Amino acid sequence: MTAPAHALRIKVSIAHHDPYVATGIAALLRSSTDFTVQPESLDEVDVVVTDYSTGMLRATATAPRRGAAKAASLLIVSEQDRGWQIRRAVDAGVRGYLLQDCSANELADAVRCVAGGRRYLSRSAADRVLDTLVQSVPTAREFEVLQHMACGLGNKNIGRLLGISEGTVKTHVKTILAKLGEQTRTGAITEAIRRGLLDARHPLADVPLSA
C-alpha cells in the first residue's frame with residue numbers, strides 16, 4: 001500500500017556493505033510513493049537501512065553524528081540469522097531487523113514502522129530471538145571481556161585495556177563460563193561463536209596494549 005501523493009515522504013538512506021543488496025533495496029523503496037531514498041549527507045533522514053556490522057557500529061557509537069538534529073532509526077537487513085546476533089542488535093538500539101530473504105512488502109512495512117518510532121522484527125527473526133530467552137545473557141561488560149578472551153588475552157591485559165582490576169576480570173570470566181555452560185575459556189569462546197555472540201574472525205585481535 002502506498003501513501004497519498006501529498007503525504008510527507010519518509011527519508012531513507014541505504015548504508016549496506018553489499019552493493020547489490022543496496023541497489024536492490026533502493027530500487028524497491030523508490031517504487032513506492034511514500035519513500036525518498038537519498039544520501040545521509042544530503043539531509044537528515046528518518047531511517048538508515050544497513051547491514052549487520054555497519055548497523056552495530058552505528059548503534060553502539062558513543063556520540064551522534066555531528067550536525068544531526070536526531071539519530072535516524074536503524075533497520076538491519078542481513079543474512080545474519082542467529083538469535084543472539086539479532087538480540088544484541090535490538091539491545092544496542094536497532095529499531096528493526098529483517099533477514100535478507102524478506103519480501104518487498106515486508107521491507108516497506110518495516111521502514112514505515114521504524115520511521116514511526118516503533119520496532120519491527122520479521123517473524124523468523126522474532127522466532128530466533130525467542131529461542132534465546134531461556135539462556136542467560138552476558139552483560140555489556142562481560143561481552144567486552146569475552147571479546148578480548150577470544151583474542152587470546154589474559155586476565156591482566158584485559159584488565160589493563162578495560163581499566164578494571166585483574167580480580168574483577170577473573171570474576172567476569174567465571175560468570176561468562178557459567179552463562180555459556182562451559183568449564184574452559186576455549187570452550188566458552190567456541191560456544192559463543194556457535195551462538196552468534198562472537199565473530200570467528202575476532203576483529204579485536206590487533207588492539208594494542210598500553211604500556
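Now for a quick tour of the structure. (Residues numbered from 1 in each chain as written. Predicted model: local features only at pLDDT ≥ 70, side-chain atom pairs only at ≥ 80, totals over all residues. Heavy atoms only, no water.)

## Structural notes on the packing of aromatic side chains
Going by this rule: For this analysis, a ring pair means two rings from Phe, Tyr or Trp (six-membered ring only for Trp) whose centres lie within 6.5 Å, classed as stacked if their planes differ by under 30 degrees, edge-to-face if by over 60, and tilted for the remaining angles. Numbered from the N terminus, helices here are DSSP runs of H or I no shorter than four residues, and strands are runs of E no shorter than two. Relative accessibility under 20% of the residue-type maximum defines a buried residue, over 50% an exposed one, and the middle range a partly exposed one, all with a 1.4 Å probe and only protein chains included.
Counting across every chain of the model gives 1 aromatic pair. Ring plane angle 65° and centroid distance 6.3 Å describe the contact between Tyr52 and Tyr97, whose orientation is recorded as edge-to-face. Of this pair, Tyr52 sits in helix H2 (residues 52-59) while Tyr97 sits in strand E5 (residues 96-99), and the two are 45 residues apart along the sequence. Tyr97 matches Tyr52 in its accessibility class, with the two residues each being buried.

## Side note on the sheet that holds E5
Within a beta sheet, neighbouring strands are joined by backbone hydrogen bonds and run either parallel or antiparallel to one another. The condition is simple: Whether two strands pair depends on DSSP finding at least two bridges between them. The contact criterion used throughout is that any non-hydrogen atoms of two residues lie within 4.5 Å. In this analysis, axes come from line fits to C-alpha atoms, helices being fitted only over the stretch in contact, and the angle between any two N-to-C directions falls in the range 0 to 180 degrees.
If you trace the 6 strands from one edge of the open sheet to the other, you get E2-E1-E3-E4-E5-E6, paired in parallel fashion. Looking at which strands have only one partner, the edges of the open sheet turn out to be strand E2 (35-37) and strand E6 (120-121). Here strand E1 (residues 10-15) runs beside E2; their pairing, made up of 3 bridges, is parallel. By the bridge assignment for E2, Ile10 is matched with Phe35. Taken strand by strand, helix H4 (residues 104-115) contacts E1, E2, strand E3 (47-50), strand E4 (73-78), E5 and E6, and its axis lies near 155° from that of E4.

## Some remarks on helix H9 (residues 185-195)
Those residues of H9 that fall on the buried side of the exposure criterion are Gly187, Ala188, Ile189, Glu191, Ala192 and Arg195. In this structure, the buried residues of H9 make contact with helix H3 (83-92), helix H6 (140-150) and helix H8 (166-180).

## Quick notes on the side chain of Ser78
Using the following cut-off: Here a polar contact means two N or O atoms within 3.5 Å. Within protein one must be a hydrogen donor candidate and the other an acceptor candidate, and residues neighboring in sequence count only if both atoms are side-chain atoms.
Inspection of the secondary structure assignment puts Ser78 in strand E4. A distance of 2.8 Å separates a polar atom in the side chain of Ser78 from the backbone nitrogen of Gln80. Excluding anything up to four places from it in sequence, Ser78 contacts Tyr52, Tyr97, Leu98, Leu99 and Gln100.

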